[in-house]
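This is what each chain is made of:
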Amino acid sequence: MDVDTRLLRYFAAVAEEGSLTGAAQKLFVSQPALTKQIRRLEDDLGVPLFARSRSGMALTEAGRELAARVPALLKGWDEAIEATGRARALRLGFLDAGALGAVHEVIAEFRQAHQEWRVELRQSDWSDASAGLARGEVDAAVVRLPFPGQERLHVRELFVEERGVLLSTRHPLANRGTVEFRELWDEPFVAAGAETGAWREYWLATEEREGHPVRVGAVTSRPDEWLGAVAAGCVALAPASTARFYSHPDVVFRPVRGVSPSRVGLARPSGRTREAALDELLEAVARRLSPS
């Protein structure tokens, strides 16, 4: 029988947290998606792993047996992957091209100097604001702050950029030089999924509305969907770099007064054994992206 190691990681998180809600927040996945994966694992194994109740998820006898062995299984798998070549690959996650800036130049220079290493850029959709770190899919990530779970990671802030608004070209404010945030309070906003927590709230600027409720007009997780929702009549706060890296014939970017700027950081797991090559790459990224 073949079992996806990601299912085992999901199982371990639920076993540790004792609830689907806590595990979903830790993994940056939606609760329905996590529930589906746990059921898939139970179907693969042919036994129930949890007894579900209103108070949480209690391990069954089979679940306890599996929980006792999974940490060693996952550790052994990670070590095997590193021993067979992963140690020569550095994986850098990101959410949007605007945050990356000149990272491509840094990577090209690093590859030239260290030809025995390969560097992989991996883009995550907005359902995972950690850009792959929470799921162990990358070694480090360029991220937008704040995001849920960042207190469990080592985060180094790199730079700040202003936030503006994306509007349909048909919007009454589209021809303005600058828009006051107060003028947008009643507009339908594009939002990330609820599982992204503080990240979603930041991009809706909920704390800068003086208690005015948010009107969500669309929920998206990818740039094309995001721009499409704006073209269809929603609005969205966006970093200033959006105007350089993303475009749509029916969407315009306008500066906004009354909202705080976006902060970009470099995140990596805390407490993991340091790899000299990764340290060198991340230091070069930090130097290039941080203000001189």
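Above this text you will find the structure in question.
Note that the structure is a prediction, hence the values are computed from the model and not measured.

**Q** Break down empty space enclosed by the protein for me, citing the residues and quoting the values.
**A** Throughout the structure, instances matching the rule amount to one cavity of 30 Å³ or more. Taken as a whole, the largest cavity spans an internal volume of roughly 220 Å³. For the largest cavity, the lining is made up of 18 residues, of which Trp-126, Trp-199, Trp-203, Trp-226 and Leu-237 are closest to its centre. Residue composition of the lining of the largest cavity, by class: 13 nonpolar, two polar and three charged.

**Q** Give a description of helix H10 (residues 276-289) that names residues and reports values.
**A** In an α-helix, one turn spans 3.6 residues; hence positions three or four apart end up facing the same way. Taking 1.5 Å as the rise per residue, H10 with 14 residues should run 20 Å; its terminal C-alpha atoms sit 20 Å apart, in good agreement. Buried residues of H10: Ala-277, Leu-278, Leu-281, Leu-282, Ala-284, Val-285, Ala-286 and Leu-289, and no others.

**Q** Account for the packing of helix H1 (residues 5-17) against helix H3 (residues 31-45), naming residues and giving values.
**A** It is the contact of H1 with H3, at a shortest axis distance of 9 Å, that shows an interaxial angle of 110 degrees. Taken together, H1 and H3 sit at an angle that is classed as roughly perpendicular. Of the two elements, H1 crosses H3, and the hand of that crossing is left-handed. Residues Leu-7, Leu-8, Tyr-10, Phe-11 and Val-14 of H1 lie in contact with H3, whose contacting residues are Leu-34, Gln-37, Ile-38, Arg-40, Leu-41 and Asp-44.

**Q** Outline the environment of Ser-30, listing residues and values.
**A** Structurally, the position occupied by Ser-30 is in the loop between helix H2 (20-27) and H3. Judged by relative accessible area, which is 26%, Ser-30 ranks as partly exposed. The sequence separation of Ser-30 and Glu-61 amounts to 31 residues, and the corresponding C-alpha distance is 27 Å. With residues up to four places along the chain from it excluded, the contact list for Ser-30 reads Ala-24 and Glu-195.

**Q** Hey, could you go over the nonpolar core for me, with residue numbers and the actual values?
**A** Ranked by size, the top nonpolar core spans 47 residues in total, and within it Leu-166, Leu-167, Phe-181, Leu-184, Trp-199 and Trp-226 carry the most contacts. Residue assignment for this core shows that the elements contributing at least two residues are strand E5 (140-145), strand E7 (163-168), strand E9 (188-191), helix H7 (198-204), helix H8 (223-231), strand E11 (236-239) and strand E12 (251-257). The biggest single contributor to this core is H8, with five residues. Residues in contact with Trp-226, not counting those within four places in the same chain, are Trp-126, Leu-166, Val-190, Thr-220, Ala-236, Leu-237, Ala-238 and Thr-242.

Cut-offs applied
Residue numbers run consecutively from 1 along every chain, following the written order of its sequence. Only residues with pLDDT of at least 70 are given local features in this predicted model, and only at 80 or more are side-chain atom pairs given and counted; all residues enter the totals for whole chains, interfaces and linings. Side-chain figures throughout are based on the complete set of non-hydrogen atoms in the structure, without hydrogens or water. Only protein atoms enter the calculation, which uses a 1 Å grid: trapped sets of points that fit a 1.4 Å probe without letting it out are cavities, open sets showing protein on both sides within 12 Å along at least five of seven lines are pockets, and any residue with an atom within 4 Å of a point is a lining residue. Grid points are joined across faces, edges and corners, and a volume is the space filled by probe spheres set on the points. Throughout, the ten residues Ala, Val, Leu, Ile, Met, Phe, Trp, Tyr, Cys and Pro are labelled nonpolar, Asp, Glu, Lys and Arg are labelled charged, and all others, Gly among them, are labelled polar. Helix and strand definitions here come from DSSP, where helices need a minimum of 4 consecutive H or I residues and strands a minimum of 2 consecutive E residues; each element is numbered from the N-terminal end. Multiplying one less than the number of residues by 1.5 Å gives the expected span of a helix. We call a residue buried when its accessible area falls under 20% of the maximum for its residue type, exposed when it is over 50%, and partly exposed in between, using a 1.4 Å probe and counting protein chains only. Axis definition: a line fitted to C-alpha atoms, limited for helices to the stretch in contact. Angles are taken between N-to-C directions and run from 0 to 180 degrees. For this classification, under 35 degrees means roughly parallel, over 145 means roughly antiparallel, 65 to 115 means roughly perpendicular, and everything else is oblique. Note on convention: the crossing is left-handed when the near helix lies turned anticlockwise from the far helix by less than a right angle, right-handed when the turn is clockwise. By the convention used here, residues are in contact when the closest approach between their heavy atoms is within 4.5 Å. Nonpolar cores are built from buried Ala, Val, Leu, Ile, Met, Phe, Trp, Tyr and Cys residues. Side-chain atoms within 4.5 Å join them into one set.

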